[in-house]
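Residue strings, one per chain:
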Amino acid sequence: MNKRFYITTAIDYVNGQPHLGHAYEKIIADVIARSHRTLGQEVFFLTGLDEHGQKVQQAAQAEGKSPQAYCDQLAADWQAFAKKLELTNDDFVRTTDPRHKEIVQASLTRVFNAGQIYKQTYSGFYSTKEETFLTDKDRRPDGTFDPAYGEVIELQEENYFFKLGEQQQWLIDYIESNPSFVQPDHRRNEVLGFLKNNTLEDLCISRPAARLGWGIPLPFDKDYVTYVWFDALVNYISIPAAHGDATILDALKSEVRNPKSEIELWPADIHVIGKDIVKFHAVYWPIMLKAMGLPLPKQILVHGWWQKDGAKISKSTGNIIDPIAVINEWGLDAFRFYVLRELDIGPDGNWTDAGFKARYQAELANGLGNLVNRSLSMLKRYRQGIVPAKHDELAADVAKATDETRALLKQNQLQSALQSIWGLVTRANQYVDQTKPFSLAKDPAQAKRLDEVLYNLTETCRVLAVLLWPFLPGTASKIYAQLGLTDVPDKLDAATWGRLPSGHAIGEPAPLFPRKDI
Ligand code: MSP
């Protein structure tokens, strides 16, 4: 059995509606998943929803619903959103799934039996909003807590704690000797700085059921439910376990087996997450896995945060982008293109409507769209849509873009790959301007030259579809359809020059990105 390339996203809190930040992360993961598929690997891509905890319980109460009914209703919107983004996820986890709950409990049992969990009385401060315990260290210089914590109460209660204290040094050593574990580098350095300059305090992994009922009961004490983050992180292994991943099932000695679909997934190749949840993924999660006897994921890939017009995206101030509205107006691929081309994985980004429209007009409508439309329209007009004899004037340009794209996709350099592909778009548009096929068509003595130019352009359009597949799957499919090709451009090997046979009849050209009055 071959291990599949396994990629995950953060699972979004179910309360609320999806926004640009959520969409961005899921699109990055989708492009990486599609890239590995186009490179010939078997892939498993997981995304989903984080449904337990106080916020959900309170939001459900406010609507007079049971938490489960509330989650079910919102989960339908989030799943529709994943479809709207054309994510190629292989599964969609909801932390209220019985298959997930079972593995959370098996994980807790494993860690408890390993002696890594103990019970203790806690007295101190607690933020209900963030569901987190606070200490005096969390106070600001003026003695107050950050308003982001909401109301902070003093509280004394017994809880279960997960031992983190003794784990610091091996984790530091691991991160130092595995530079690709946390990427980009500056995030890795932040994690190392945090681990070297702080003493890890044991993590409270329970909440009394009497205070917070909406969670997974601890298998060893039914008066408590599991802390949402312990619950949520386990999604990365619960779904592989549900698909019969032997590494996880063996480690958890769990009886859940699904012999029909045994696939090898763990360890994950990439967890894609945002910069605000690095500590949970690069500190708590590795320690949890070690306590369960499981290998660590290969990489935590941290993306930055989007702002809009230079300010925080916020529902309360109305500074939001509704991805669904943008997609309905401009098309999914215009949305995917803007977020991938505008922002590399790592830094923070800034959405502006003007920037979005400028890229749409210049790079999509006038760049790629114009190239494909004029190339195919000329072939239709001058050669009745029949591909002429092969020629290889643009073969070297195509090979360069293909090699670069292949190398960049392997390194998850999505923005650079798009730059390289657009280098080819620009080159081909220049080629039209230089060779002037519309002039050649007027001179019968130039018929052979016109054939050559038309072959070069048509074949370049075909290769562009192949290169674009991970990024703009709808556009890639449309180009193939307009070329009269019935297969899907989902394998990078198909980018080899000259695959378009002479004599082939293309389909109907149509604008890919209609020009809009902006
Ligand atoms: N439920 C937790 C994650 C648990 S993973 C085991 C959570 N959910 S969230 O809905 O708040 O965020 C989900 C993801 O969206 C996170 O990776 C977060 O960084 C990302 N983003 C939320 N807002 C964002 C932006 N404005 N920009 C980019 N990404 C952002 O955290």
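See above for the structure.
Scoring rules and cut-offs
- Residues numbered from 1 in each chain as written.
- Predicted model: local features only at pLDDT ≥ 70, side-chain atom pairs only at ≥ 80, totals over all residues.
- Heavy atoms only, no water.
- Core = buried A, V, L, I, M, F, W, Y, C linked by side-chain atoms within 4.5 Å.
- Buried < 20%, exposed > 50% of the residue type's maximum accessible area, 1.4 Å probe, protein only.
- Helix = DSSP H or I, 4+ residues; strand = E, 2+ residues; numbered from the N terminus.
- Contact = heavy atoms within 4.5 Å.
- Salt bridge = Lys/Arg side-chain N within 4 Å of Asp/Glu carboxyl O.
- Polar contact = N/O pair within 3.5 Å; in protein donor to acceptor, adjacent residues only side chain to side chain.
- Pairing = 2+ DSSP bridges.
- Near = heavy atom within 4 Å.
- Areas by Shrake-Rupley, 256 points an atom, 1.4 Å probe, with all protein chains shown as cover.
- Nonpolar A, V, L, I, M, F, W, Y, C, P; charged D, E, K, R; others polar.

A. Local environment of the nonpolar core. With 93 residues, the main nonpolar core has Ile7, Phe335, Val339, Trp351, Trp422 and Phe471 as its most contacted residues. Here the element with the most residues in this core is helix 17 (residues 447-468); it accounts for twelve residues. When near neighbours in sequence (up to four residues on either side) are disregarded, Trp422 contacts Phe337, Glu363, Leu364, Leu368, Leu468 and Leu472. Of all hydrophobic cores here, the second largest spans 65 residues; its members include Ala106, Tyr224, Leu249 and Ala291.

B. The arrangement of the pattern of salt bridges in detail. Counted according to the given criterion, the structure contains 35 salt bridges. As a salt-bridge pair, Asp451 and Arg383 come within 2.5 Å of each other at their nearest N and O atoms. Taken as a pair, Asp451 in helix 17 and Arg383 in helix 13 (residues 353-383) lie far apart in primary sequence, 68 residues in all. Each member of the salt-bridge network shares a partner with another, and the members are Arg341, Glu342, Arg359 and Glu363.

C. Quick peek at the environment of Leu483. Mapped onto the elements, Leu483 comes out in the segment after helix 18 (473-482). For the pair Leu483 and Pro509, spaced 26 residues apart in sequence, the C-alpha to C-alpha distance is 7.9 Å. Apart from residues lying up to four places away in sequence, Leu483 is in contact with Leu376, Thr458, Cys461, Arg462, His504, Ala505, Ile506 and Gly507.

D. Spatial organisation of the side chain of His271. For His271, the location among the structural elements is in strand 13 (residues 270-274). Residue His271 is classed as buried on the basis of its relative accessible area of 0%. Within the structure, His271 has its side chain in polar contact with the side chain of Trp285 (distance 3.1 Å). Beyond its immediate sequence surroundings of up to four residues, His271 is in contact with Thr8, Tyr236, Trp266, Trp285, Pro297, Gln299, Ile300 and Leu301.

E. Focus on the sheet that holds strand 10 (residues 206-208). Taking strand neighbours across the sheet as the criterion, the three strands line up as 10-12-11 in an open arrangement whose pairing is antiparallel. Looking at strand neighbours, the two that pair on one side only are strand 10 and strand 11 (217-218), the edges of this open sheet. Two elements, strand 11 and strand 12 (residues 221-226), share two bridges in a ladder whose sense is antiparallel. Bridging from a neighbouring strand, Leu218 pairs with Asp221 of strand 12.

F. Expanded view of the site of the ligand. For the ligand, the set of nearby residues contains 24 residues, the closest of which are Ile11, Glu25, Asp50, Asp276 and Trp306. At a separation of 2.7 Å, a nitrogen atom of the ligand approaches a polar backbone atom of Ile11. Contact distances for the ligand include 3.3 Å between an oxygen atom and a side-chain N or O atom of His22. Protein contacts shield 94% of the accessible area of the ligand, which totals 670 Å² for the unbound molecule. Of all the secondary-structure elements, those providing two or more residues to the shell around the ligand are strand 2 (12-13), helix 1 (20-38), helix 7 (228-233), helix 8 (235-242) and strand 13. Each residue belonging to the shell around the ligand can be placed in one class, and the counts come to twelve nonpolar, eight polar and four charged.

G. Summary view of the sheet that holds strand 16 (residues 311-312). Pairing is mixed in the open sheet, where three strands are placed in the order 16-15-17. A single partner strand is all that each edge strand has here, and the edge strands are strand 16 and strand 17 (349-351). Of the pairings in the sheet, the one linking strand 15 (residues 306-308) to strand 16 comprises two bridges and is antiparallel in character. Looking at strand 16, one finds that Lys308 is bridged to Ala311.

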